[in-house]
Amino acid sequence: VAAAAAAVAASAAATAAEGSKPACISSKAATKAPPAKLQKPPGGGLRYEELSPGSEAGPGARAGQEVELRFTVRLASASALAAMKKGQEKGPVERGEIRCRLGQSEVLDGWVDGNVDMEEVLGGWSCSLVGMRTGARRRVHIPPGKGFRERGGEAAGSNMALFFEAELRKLL
């Protein structure tokens, strides 16, 4: 748990130092890595872990491409990580299934279960999903200050580190 908390802190510090607005990357597919290794997309974006590579066939998602995602937003504190591993998590901050364009903030269709504004953060967070293939799963590390600002409520204040776990369901 301490190692995971240290990785979150290191990811937050490195991402915060690189500027306030991540840029989406080109259509190049991101390289695969073991689940515990944090990756940084070339050209900008937030650090992520590849949880599952998805389908080897077919192209990866491109910036601006319409996709269907299933996602969960969780707290990334050491105590939240420990509770998640023990199966005692209080529940995600947010979850849903949406259709959107990678790198853009608008939710085109779908549902979101919670009281936070996904459109506030989706444009920046989804840049780290470029290159994913259908069925792939990623955990994007959201450092403090890059999460919800005005509409995160008590569950996800602006200074909280978060995990954005996304599964690419379909390329459109």
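1. Quick word on the pattern of salt bridges
No. 1: According to the stated counting rule, one finds ten salt bridges in the structure shown.
No. 2: Note that Arg99 is salt-bridged to Asp109, the shortest N-O span being 3.8 Å. Highlighted residues: Arg99 in strand 3 (residues 94-101) and Asp109 in strand 4 (residues 107-113), separated in sequence by ten residues.
No. 3: Under the relative-accessibility criterion, Arg99 is labelled partly exposed at 23%.
No. 4: Assessed through its relative accessible area of 46%, Asp109 is described here as partly exposed.

2. Some words on the sheet that holds strand 2 (residues 66-75)
No. 1: Ordered in space as 1-5-6-2-3-4, the six strands form an open sheet in which the pairing is antiparallel. Edge positions in the sheet fall to strand 1 (48-52) and strand 4, since each has one partner strand and no second. This sheet shows a mean twist of 20° between the axes of neighbouring strands, independent of strand direction.
No. 2: Looking at chain direction, strand 3 and strand 4 are connected through six bridges and run antiparallel. Among the inter-strand pairings, Arg99 is bridged to a residue of strand 4, identified as Asp109.

3. Quick look at the side chain of His141
No. 1: Counting through the fold element by element, His141 comes out in strand 5 (residues 137-142).
No. 2: The exposure class of His141 is buried, given its relative accessible area of 4%.
No. 3: At 2.7 Å, the side chain of His141 forms a polar contact with the side chain of Glu49.

Here is what the cut-offs are and how they apply
Residues numbered from 1 in each chain as written. Predicted model: local features only at pLDDT ≥ 70, side-chain atom pairs only at ≥ 80, totals over all residues. Heavy atoms only, no water. Salt bridge = Lys/Arg side-chain N within 4 Å of Asp/Glu carboxyl O. Helix = DSSP H or I, 4+ residues; strand = E, 2+ residues; numbered from the N terminus. Buried < 20%, exposed > 50% of the residue type's maximum accessible area, 1.4 Å probe, protein only. Pairing = 2+ DSSP bridges. Axes fitted to C-alpha atoms, helices over the stretch in contact; angles between N-to-C directions. Polar contact = N/O pair within 3.5 Å; in protein donor to acceptor, adjacent residues only side chain to side chain.

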